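# Examining the three-dimensional arrangement
One letter stands for each residue in the lines below.
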Number of protein chains: 4
Amino acid sequence: MQIAIIGLGRMGGNIARRLMSHGHECLVYDRSAETVSALSGEGARGAGSLEELASGFSGRRVFWVMLPAGEPTETAIRDLAGLASEGDVIIDGGNTFYKDDIRRAKELSEKGIHYIDVGTSGGVWGLERGYCMMIGGPDATVRELDPIFDALAPGAGDIERTRGRHAEDTRAERGYIHAGPAGAGHFVKMVHNGIEYGLMQAYAEGFDILKTKNSHLLPEDERFDLNLPDIAEVWRRGSVISSWLLDLTAIALAGDRNLDHFSGNVADSGEGRWTLEAAMEEAVPVNVLSAALYARYRSRQMATFGDKMLSAMRYGFGGHVEIPQ
Amino acid sequence: MQIAIIGLGRMGGNIARRLMSHGHECLVYDRSAETVSALSGEGARGAGSLEELASGFSGRRVFWVMLPAGEPTETAIRDLAGLASEGDVIIDGGNTFYKDDIRRAKELSEKGIHYIDVGTSGGVWGLERGYCMMIGGPDATVRELDPIFDALAPGAGDIERTRGRHAEDTRAERGYIHAGPAGAGHFVKMVHNGIEYGLMQAYAEGFDILKTKNSHLLPEDERFDLNLPDIAEVWRRGSVISSWLLDLTAIALAGDRNLDHFSGNVADSGEGRWTLEAAMEEAVPVNVLSAALYARYRSRQMATFGDKMLSAMRYGFGGHVEIPQ
Amino acid sequence: MQIAIIGLGRMGGNIARRLMSHGHECLVYDRSAETVSALSGEGARGAGSLEELASGFSGRRVFWVMLPAGEPTETAIRDLAGLASEGDVIIDGGNTFYKDDIRRAKELSEKGIHYIDVGTSGGVWGLERGYCMMIGGPDATVRELDPIFDALAPGAGDIERTRGRHAEDTRAERGYIHAGPAGAGHFVKMVHNGIEYGLMQAYAEGFDILKTKNSHLLPEDERFDLNLPDIAEVWRRGSVISSWLLDLTAIALAGDRNLDHFSGNVADSGEGRWTLEAAMEEAVPVNVLSAALYARYRSRQMATFGDKMLSAMRYGFGGHVEIPQ
Amino acid sequence: MQIAIIGLGRMGGNIARRLMSHGHECLVYDRSAETVSALSGEGARGAGSLEELASGFSGRRVFWVMLPAGEPTETAIRDLAGLASEGDVIIDGGNTFYKDDIRRAKELSEKGIHYIDVGTSGGVWGLERGYCMMIGGPDATVRELDPIFDALAPGAGDIERTRGRHAEDTRAERGYIHAGPAGAGHFVKMVHNGIEYGLMQAYAEGFDILKTKNSHLLPEDERFDLNLPDIAEVWRRGSVISSWLLDLTAIALAGDRNLDHFSGNVADSGEGRWTLEAAMEEAVPVNVLSAALYARYRSRQMATFGDKMLSAMRYGFGGHVEIPQ
C-alpha cells in the first residue's frame, strides 16, 4: 500500500523502514529536511511539505502521523484535513489523549475523512521486534488498512500460544487488535502505559531495598553484599517476575552495576496522568499506578515545601530540630 | 505523692515541674548533674545516682522513666528493677514499643513490681497545657497513681463537652485514660502518632499544591499568587480542617512565609513504623499512614537507586535520555 | 445590603438566615416553592422565579448562587446573566471547579457583570459558627461586598491569635480571605477539601487499627479491649492530633460506639478528584490525598475485577485456591 | 547425590521428582503416609519418620525441608538437628523469614551442622520449567551442593543472553545464585515476592480501568466494549509490559473472560509483609509495594470501621447521608 509517514523521529523513521521492508511504499515528511533526505536514501519518497506529500499519492491517501502528542499532532492533523479528500484516512500513531481522538473523529467524519487512532508500543526495539498496536476507529477502515498493521506487527513468532485460547480473530496473536471506535486504541494504550509505570516502580522499589541492604549506613551485622546484576539475571530464569522490563534491567545492570550513568531524574509522559484521570472518572482506586507516577514527580524534586512544613510542625509541637543533611 | 523522675529532657523536666506545681514531691535524676542541679533549684530533690534516688523515698517507690525508647529506657528499667522492692511501681512514660511493655510487665510482676506504660502526648506545650495520657497496666495501680495523672492532665478546661457523652468515668474528659493491660497505653499512643503522621502529610501535600500554584515554572496564565500565611489563618476559623497542627502551621508561616529556616529533612520516630507493623499484623490496609511515613524517608534522600533504575529502563525500551536536573 | 440567594438547601438556607440576622435584606429563590415560602416566614423576600427575583432589587443586584456544582449552577448563572445589567454581581458560593470560574468571569466581564467565586466551608454548623470563606474575583468588587462576607464569617471569636502574626489585613483572622482573581477562591477551597479527605482517612485508618485490635479474629493473647469513645475523647484534650474532625468523631462514637448507624459507603464530591488533577498539572506528588480518595471508591465496591485477576494469577503460578469468604 | 526431602506438597513433591529425573537419589518424608507411598511409587525411598529418614543415608546427610514457613518448618529443623551429625546439611527451601535463618545458622553451626536457605520460585510450573533459586549460606557448602541446584534450576535454555553480561560465574544464567551468607537467599526471595505483589497489582488496576470502561454504570457515550482477553493477548506481543504474569493472565482470561470462577478474595503470604518491614528498617519508601499488599487486605474485607468513621464525620460536618448500597 501507499502510505505517508509524518514525523520521522525515533518511532516514525523505524515505522517507515519496517513498512518498506514489507513492500509498502512510503511517502515521508519531517520538518527537518535532513531527516527526510536520509530516509529517502533508504527508499522512501521524501516530501518538502505536507502539500507535496499529499499530492504524491496515486489514489486514496493514507496519512500516518507520528508526532509528539498535543500541539504538534493537533496542528499536523488540522493541516492534513485541509489537504485530504473524502475517503482519505488520517492515522494518529502517537500518544494522543483518547478524548481528543473522539473529538477529531467526529470533526473529520463531517468531511468524509476517516480517522484512526493507533496506540503503538515497542519503542526503539520495534523495527526489529515489530510493534504491538491497539487500534480505534471504524471497522471497515481498520480492515482496509490491515496490510499496514500486519506488516508493522511482530506476528505470532515463537511466543508460546496462550493455553485455552480459541478466538477466531487471530490479530491479537499476531500483535494488534481493533479495540473499538475512535479513541479506544489510545485508551487501551494509555492504560498500558499506566501499567508500565506501575511495573517499573515495583521493580525499582524492590531493587532499592536490595541496594540499601548493602549500604554502609546500616549496622555492619545487618548488611549483605548482594550482587544486583546477578539477581536481575537469575530472576529472568524461571521466576514468577520475569518480564521484558526485567530483561532491560539486567542489560542495564550488566554494563553499569551502580547505574552511575543515570541521575534518576525521571520524566513522565501524559499517559500516566491520563490513566489516573480515567480511573477517577470511573471511581476505580489505583493506589499502585498513582504511587508510580508520584515517584517520578518526586525523583525530580529536592525537598519540597511540604517537607519543610512537616519540619515546621514538628518543631512547633515537639521542639524537634532537623537532622542536618 | 512522692515520685521519682528519671530523665530530665524536654519532656521529663516539664513533667517534674508540672507535678511540683500541683504539690507532688519530685525526686529527680539525669545523667547530667547540671540538669539535676538546675531542677533542684526549682524545688526538686536531686539525686546523683539511681541508688541515691531509690533510697530517697519514705514509703512505696514510684519511678517515672522518661528516656528515649530502646536501649536507654531498657537499661534504666533493668537497673531500677534491681533497686526496687515488692509493691514498688515503675512507669515508662516514653515512646516504648508496646510489645516491650508486655514482656517487661511479665518479668517485673515475678518480682512483685508493678509496671505501668504511659503514652504521653503534648510535646513542649505540656507544661502549660497539660499532657494527654494513655495508660496501660493493672487497674489497682493505675487508680492508686490517679493523683499523679490528674495533676499532669490538662483537665476539662474550656474545651467543649462532647455532645451525647454520658460516661461515668470522667478521666477521658480530663485528659487521660486507662486503656487496658500492660502495653495498651503505648499501643494507643503509637496509633496516635501514626495518625499524626497522616494528618501532617495531608496538610503538607495540600500546601505543596498551593505553593506550587505560585511557581514560576507554571505558565503565567495558570499561576496564582496565593498568600499561604493567610490561608493557614483563615482555615483555623470555622473550616472543617481546623486543628492544633494547623494552628502550629499558621504560627510557623506567620514568622517565615517560605519556611526558609527549615531544610525539609524530616525525621521519623519508631512509632510510625510500629503502627504499620501493627496494621500488618491485623491485615488492616493503611495507605495514608504508610504514604505519610514514606514521605519522610523520601524527604531525606536524593535520587534513589530505584529512580536510576526507572531511567535505565526508559532508556532501554524507548531510548529516552534524562532531562538534566 | 440587598442580596439574592438562589438555592435554599442545607447551605443556602442557613446563609440567608445568617445574613438576615446581621441586618441584610435577603431575596430568595428555590425551585421548591415550599422552601421559598418557609424562608419567607423567617423574614426573607421570596420569589417565584429568577425574573421576579431580579426585579425585586432596588439598586445594584447581587446574586449568591448556592447550588450543586455542575449543571444546576451553570444553568442558574447563565439565566441570571440574561437578567443582570452592567455592574451587577454574580457570586458562586458552591463547589465549582476553579477553571469554570475563570471561563465564566471572562464571559461575564464582557457584559460588565462582576463574577465572584466563594469557597465556603462550615457545613451544617455554619449558621451557628459562621462560614470560613475563600474568595476569588476583582479586588474592588470583593471590597464592596465586605459587609456580606463580614456577616457570614465567624469573626475573631475566642480562637487564640496566631503567635507572630502581624498582618494589616484582618480578614483572615475574622474568617475570610480574598485569595486572588477569578477561580482563586474555589482553588483554595478545593485544596481545603483535598486536605479534608486526607485528614479524615488518617483518623479512619488509625481507628481501624484500634478497632481490629479488639477483634475476635486475633489470637486471644494479642487482643486488647480498647474503648474507642474514650480514646477519641482523650485525644481531644492536649494531644497533638486534636481537631474539629476529631470532635465530630468523638460525638459520633459517644452515641454509637460501633457506628452501627452507618454502612461505610462513602461518597466523594468533585473536589477530591480536582485536587489530584491540580497536583498532576503541577507535578506535585500527593500519595496521601490520592489514597484518601481511593479509599472512598473502594468503600463503595465489593471485590473488583482486579481482585479476581490477582486470584487468577496466583492460581496460575502457584495453584493457590482462594480462601472462601 | 543422596538427599532427603521433608514435606511433599505442591513444591516438595515436584522438587523430588525433578531431582530424581536428574539422577539424584531421594529419601522422602511427609506426615501423610499416603503421600510418601505415592512418591515411593515414582522411585523415591519413603520413610515413616524423620528417624527412619535420617538413618537411610549412606554418607553425609543432606535434608531439604520444604514446609510452610513458621511453626512447621521450625519444628522440623529442630527435630532434624537432633538427628544430624557434624558435617550434615539442613536446607530450608521454604519461605522463611530471613532473620530466622540467621538465628538458626548460628545455633546449628555450634553443632557443626551446615545450614542453607534457599528461596525457591517457580510455583507449580517448576517441575517442567525448573526452579529459580536464591541461596544463602557458607560458600563451601553451597559449592558442594551444586549438583542439586544445577538439577533443579531451569538451565540457560532458550532465554536470550543478557547483552553486555560478562560474568565468570554462570550460575545466575542457569537460574540460581549464591546470594550471600545465611539469610541472604531468603532475603532476596522475599524482595522478589514483594515485587511480585507490586507487578500483579499494577496489572490488576489497569484491567480494572479497562473493565469498568465497559460498565453500564458509565453514561452510554463514555462506554467502550473492550475485549479483555484480546488485550491481554496483544500485550504479550512486542509490548513493553509483556511478562510471565501477563501470560498467566491471558490464559485465565482466555478460559473465563469475566473471571467468574474467582471471588477476588486474595491471600497474602508473610513475604509481602516482611518486605515492608525490611524497607522500613532501611528507611526505603515503598509506596507501590505497600499499596499492593494493602489491596489484598482490602480484597478480603467488607466496609471497614474506618469507612464508617468517614461516613460519621461527613454526617457530622455536612449532614451528608450515605448513598444506599
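Residues numbered from 1 in each chain as written. Chains lettered and ligands numbered in written order. Predicted model: local features only at pLDDT ≥ 70, side-chain atom pairs only at ≥ 80, totals over all residues. Heavy atoms only, no water.

Chain A is annotated in an unreviewed UniProt entry as 6-phosphogluconate dehydrogenase from Aureimonas jatrophae. For chain A, the Pathway (unreviewed entry) comment in UniProt is given as "Carbohydrate degradation; pentose phosphate pathway." Of the comments in the UniProt record for chain A, the one headed Sequence similarities (unreviewed entry) reads "Belongs to the 6-phosphogluconate dehydrogenase family." (UniProt positions renumbered as here; feature names shortened; annotations may be inferred.)

This part takes up the packing of aromatic side chains. Enumeration over the complete set of coordinates arrives at 44 aromatic pairs over all chains. Arranged with centres 6.4 Å apart and planes meeting at 55°, the rings of Trp-64 of chain B and Phe-149 of chain B form a pair that is tilted. A residue pair is termed long-range when its members are at least 10 positions apart, and Trp-64 of chain B in strand β4 (residues 62-65) and Phe-149 of chain B in helix α8 (residues 146-152) qualify at 85 residues. Phe-149 of chain B shares its class with Trp-64 of chain B; the two are buried. Measuring from ring centre to ring centre gives 5.6 Å for Phe-187 of chain B and Phe-224 of chain C, while their planes differ by 70°; the resulting arrangement is edge-to-face. Placement of Phe-187 of chain B in helix α10 (residues 184-213) and of Phe-224 of chain C in the loop between α10 (184-213) and α11 (228-235) is noted, with the two residues assigned to different chains. For the residue pair Phe-187 of chain B and Phe-224 of chain C, the accessibility class agrees, reading buried in each case. Grouped by ring-pair contacts, the aromatic residues Phe-97, Tyr-98, Phe-187 and Trp-274 of chain A together with Phe-224 of chain D constitute a single cluster. Residue placement shows Arg-129 of chain A over the ring face of Trp-244 of chain A; its charged tip is 3.9 Å from the ring centre. (Phe/Tyr/Trp six-rings, centres within 6.5 Å; stacked < 30°, edge-to-face > 60°. Helix = DSSP H or I, 4+ residues; strand = E, 2+ residues; numbered from the N terminus. Buried < 20%, exposed > 50% of the residue type's maximum accessible area, 1.4 Å probe, protein only. Lys NZ or Arg CZ within 6 Å of the ring centre and 35° of its normal.)

For the pair chain B and chain C, the relating rotation is 180°, the translation along its axis is 0.0 Å, and the fit reaches an RMSD of 0.1 Å. Both copies of the chain, as the preceding transformation shows, are related through a two-fold rotation axis. If distances are taken from each C-alpha of chain B to the rotation axis, the shortest is found for Ser-243 of chain B, at 1.9 Å. When the interface residues of chain B are mapped onto chain C, 100% of them again fall at the interface, so both copies present the same face. (Least-squares fit on C-alpha atoms with pLDDT ≥ 70 in both. Contact = heavy atoms within 4.5 Å.)

A few words now on the interface of chain B and chain C. Taken together, the contacts link 86 residues of chain B with 86 residues of chain C. Of the roughly 7,100 Å² buried between chain B and chain C, counting both surfaces, carbon and sulfur atoms make up 68%. Considering only the surface of chain B that becomes buried against chain C, Ile-209, Arg-237 and Val-240 of chain B emerge as the three largest contributors, covering 11% of it. The interface formed by chain B and chain C holds two salt bridges in total. (Buried area = accessible area lost by both parts, 1.4 Å probe. Salt bridge = Lys/Arg side-chain N within 4 Å of Asp/Glu carboxyl O.)

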